[in-house]
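Examination of the molecular architecture
Residue-level listing of the chains:
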Amino acid sequence: MSDDKVDIFVIGGGINGCGIARDAVGRGYSVFLAEMNDLASGTSSWSTKLIHGGLRYLEFYEFRLVREALMEREVLWAMAPHIIRPLRFILPHHKGLRPAWLLRLGLFLYDHLGGRKLLPPTKTVDLKNGSLGEPLNGDFAKGFEYSDCWVDDARLVVLNARDAAEKGATIATRTKVERLEELEDGWQVTIVDQNSGAKKSIEARLVVNAAGPWVDSILRGPLGKNDARNVRLVQGSHIVVPRLYDHDRCFIFQNSDGRIIFTIPYQGDFTLIGTTDQDYKGDPAEVAITSDEISYLCAAASEYFNTPVEKESVVWTYSGVRPLYDDGADAAHEATRDYVLKTFNGEKGAPLINIFGGKITTYRRLALSVLEKIETAIGAKGATWTERATLPGGGFVELEFDQELRKLQSAYPFLHDKVAYRLFHAYGLDAFKILGDAKSEEDLGRKFGGGLSEAEVRWLMQEEWARNPQDVLWRRSKLGLRLSQEQVDSLSAYIQAAS
Ligand code: FAD
């Protein structure tokens with residue numbers, strides 16, 4: 001089937017769109033996915049980067065969501081053990097806030113609701129003696145340590161897109177959906193190339209609207225449903241500061257407003273602190289951290305650490321907008337994190353499946369639910385298959401990350417340890433393809449700084465749809481934290497010349 005006529009057209013190259021495209025093409029449907037900017041340029045690269053059950057959601061009785069998410073942790077870890085890593089969390093007991101018995105009960109449920117086989121269970125930790133509590137001030141004597149996972153969110157999106165493309169899906173980035181028109185047996189989708197302005201039409205039997213924060217804009221704009229108001233946009237921001245402590249645990253701190261924040265070891269030399277939760281009314285593309293949010297995050301962390309976190313120490317910030325289903329909750333942090341799928345049929349019956357809400361953690365399960373709706377609407381093809389299928393580069397046993405990394409280091413002994421770790425963490429077994437038969441650093445071509453070589457940039461351009469320095473430095477990697485402006489300019493010139 002040509003690109004011009006497909007079974008399924010997916011709008012949006014975030015985690016949900018790419019996860020659905022991958023699942024669908026793997027079952028035998030023909031798929032076209034359009035992303036108006038870069039893959040993961042929307043909410044999917046602005047998350048806290050946790051594959052987690054969501055301990056806090058237990059307080060809002062979201063048992064279905066928490067159970068599904070808990071069960072999904074180890075499924076995803078096994079699918080992509082290079083970009084998903086287990087992480088231990090320390091929850092200090094704060095005398096003025098939730099009582100210890102409540103924390104213990106929540107964590108007991110968290111350990112036993114389902115799916116935990118390899119991740120270690122909860123234990124009580126002494127924060128007064130020993131290194132774990134060392135960075136904290138003297139108010140915290142006792143805490144609990146439990147497991148979840150960390151994910152490179154933007155790379156998870158790209159790997160789903162790659163797998164979908166390898167199975168035959170068309171992934172068109174910098175391609176905006178401008179119009180949806182109903183035909184006798186489906187939809188005509190008008191897309192616009194964001195670089196050239198060229199327009200093209202694709203016919204599809206079914207459309208999936210996975211536009212995240214723009215999901216209602218698709219209904220209002222390309223479809224003309226002016227009254228669409230399904231999502232509640234909730235802004236969440238993070239700050240990055242130089243590494244605050246030496247150990248590898250994440251802290252989860254309770255705040256007096258009922259919210260929680262995380263402090264997560266980040267990119268070796270940094271600590272990531274987030275997140276906030278506040279309603280957002282503007283254009284999702286324009287969201288940016290406010291000075292109040294920076295103050296809030298610094299103050300919340302400073303309540304726990306023995307050295308205050310100062311605004312001046314912030315080296316980077318980012319903000320995203322959660323496209324939450326509007327369930328009428330009073331406070332932004334109480335709005336449901338669960339996903340809702342709604343099929344709107346056109347006047348002649350053409351199916352349009354809309355996705356509201358969701359978590360990165362549950363994207364694969366969301367895709368399964370969408371595929372059930374697709375089967376009902378246009379007929380079934382292949383069986384479910386994603387539960388045990390690894391993502392590109394992830395074909396090794398999840399507990400053997402260190403052994404696999406050592407294999408890379410012995411195959412390429414000239415790599416600096418930090419560079420070898422970064423490459424294996426980002427690309428897994430594909431790191432061997434990027435490095436090829438290089439025998440020395442010179443064989444990898446030009447150096448752009450931070451261990452980024454010409455060989456890696458070429459791979460990102462050829463295999464991962466990278467088109468500019470932002471794509472390379474902030475989504476395919478976080479090397480933007482390390483490169484100077486001069487180095488960024490040199491990378492930019494290289495990409496332009498090589499495009
Ligand atoms: P998006 O990633 O926004 O993708 C939608 C895409 O559609 C965008 O890339 C956009 O460019 C594209 N698009 C829009 N309109 C068009 C058009 N007309 N044509 C073509 N393309 C279009 N989840 C977790 O599991 N763990 C966490 O730790 C976590 N932390 C979070 C912290 C914050 C601050 C936020 C904001 C969210 C967090 N989440 C977390 C939730 C998670 O990030 C989101 O649920 C998820 O990324 C949503 O993905 P999506 O694909 O629906 O949307």
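Residues numbered from 1 in each chain as written. Predicted model: local features only at pLDDT ≥ 70, side-chain atom pairs only at ≥ 80, totals over all residues. Heavy atoms only, no water.

1. Looking at the overall build of the chain
Regarding its fold elements, the chain presents 13 helices and 20 strands. Taken over the C-alpha trace, the chain has a radius of gyration of 23 Å; the compact-globule value for 499 residues is 23 Å, and the two agree within 12%. In terms of principal-axis extent, the alpha carbons of the chain reach across some 70 × 60 × 40 Å. The burial tally for the chain puts 59% of its 499 residues in the buried class. When the accessible area of the chain is evaluated, it comes to approximately 20,300 Å², of which 49% is carbon and sulfur surface. (Helix = DSSP H or I, 4+ residues; strand = E, 2+ residues; numbered from the N terminus. Rg over C-alpha atoms; globule rule 2.2 N^0.38 Å. Buried < 20%, exposed > 50% of the residue type's maximum accessible area, 1.4 Å probe, protein only. Areas by Shrake-Rupley, 256 points an atom, 1.4 Å probe, with all protein chains shown as cover.)

2. Considerations on the packing of helix α2 (residues 63-79) against helix α7 (residues 363-378)
Viewed as axis vectors pointing N to C, α2 and α7 meet at an angle of 105°, and their least axial separation amounts to 9 Å. Classed by the angle they form, the pair α2 and α7 counts as roughly perpendicular. Of the residues in α7, those touching α2 at E68, M71, E72, V75, L76 and M79 are Y363, R364 and R365. Counted by class, the contact of α2 with α7 contains five nonpolar, no polar and four charged residues. (Axes fitted to C-alpha atoms, helices over the stretch in contact; angles between N-to-C directions. Parallel < 35°, antiparallel > 145°, perpendicular 65-115°, else oblique. Contact = heavy atoms within 4.5 Å. Nonpolar A, V, L, I, M, F, W, Y, C, P; charged D, E, K, R; others polar.)

3. Some remarks on the packing of helix α9 (residues 417-427) against helix α11 (residues 454-463)
Two elements in contact, α9 and α11, have axes whose closest approach is 13 Å; the angle formed by their N-to-C orientations is 10°. Compared by their axis directions, α9 and α11 come out roughly parallel. The residues of α11 that touch α9, namely those facing R422, L423 and Y427, are E456, W459 and L460.

4. Some remarks on helix α4 (residues 153-166)
Its 14 residues give α4 an end-to-end C-alpha distance of 20 Å, which sits within 8% of 20 Å, the value for a rise of 1.5 Å per residue. The buried fraction of α4 is high, at twelve of 14 residues. Two residues or fewer after α4 comes G168, characterised by a positive phi angle close to 115°. (Expected span 1.5 Å × (residues − 1).)

5. Quick look at the site of the ligand
Around the ligand sit 38 residues in total, of which E35, S44, L50, G358 and T361 are the nearest. Contacts to the ligand include L50, whose backbone N or O atom sits 2.7 Å from a nitrogen atom. One nitrogen or oxygen atom from the main chain of G358 is found 2.6 Å from an oxygen atom belonging to the ligand. The fraction of the free accessible surface of the ligand (1,000 Å²) that becomes covered by protein chains is 97%. Every element with two or more residues in the shell around the ligand is listed here: α1 (15-26), β8 (175-183), β11 (231-242) and β16 (316-325). (Near = heavy atom within 4 Å. Polar contact = N/O pair within 3.5 Å; in protein donor to acceptor, adjacent residues only side chain to side chain.)

6. Some thoughts on the packing of aromatic side chains
Applying the stated criterion to the full structure yields 23 aromatic pairs. Residues F251 and F305 carry aromatic rings whose centres are separated by 5.9 Å and whose planes lie at 80° to one another, so their mutual orientation is edge-to-face. Here F251, found in strand β12 (residues 250-254), pairs with F305, found in the loop between α6 (291-302) and β16; they are 54 residues apart in sequence, far enough to count as distant. Note on F401 and F424: the rings are 5.2 Å apart at their centroids and 70° apart in plane angle, and the pair reads as edge-to-face. In this pair, F401 sits in helix α8 (residues 401-411) while F424 sits in helix α9, placing the two residues 23 residues apart along the sequence. For F424, a relative accessible area of 0% gives the class buried. Joined through ring pairs, the aromatic side chains of F140, Y245, F251, F253, Y304 and F305 make up one cluster. Its guanidinium or amino end placed over the ring of Y339, R64 lies 5.4 Å from that ring's centre, counting from NZ or CZ. The side chain of R85 reaches across the aromatic face of F401, ending 3.9 Å from its centre. (Phe/Tyr/Trp six-rings, centres within 6.5 Å; stacked < 30°, edge-to-face > 60°. Lys NZ or Arg CZ within 6 Å of the ring centre and 35° of its normal.)

7. Quick word on the nonpolar core
In terms of nonpolar packing, the biggest core is built from 64 residues, with Y146, F262 and L415 touching the most fellow members. With six residues, the top contributor of residues to this core is α9. Here F262 is in contact with T48, L50, F89, Y146, C250, F251, I252, L272, I273 and G274, once residues within four sequence places are set aside. Counting 50 residues, the second-largest nonpolar core is a separate cluster that includes L33, I83, A164 and V370. (Core = buried A, V, L, I, M, F, W, Y, C linked by side-chain atoms within 4.5 Å.)

8. Points about unusual backbone geometry
Residue T275 is bonded to the preceding G274 through a cis peptide linkage, with omega at 15°. Structurally, T275 can be placed in the loop between β14 (270-274) and β15 (278-279). Of note in this structure, A40 is not a glycine but carries a positive phi near 60°. Its location among the elements puts A40 in the loop between β2 (31-34) and β3 (50-51). On the basis of relative accessibility, which here comes to 1%, the residue A40 falls in the buried class. Here R174, not a glycine, exhibits a phi torsion of approximately 50°, which is positive.

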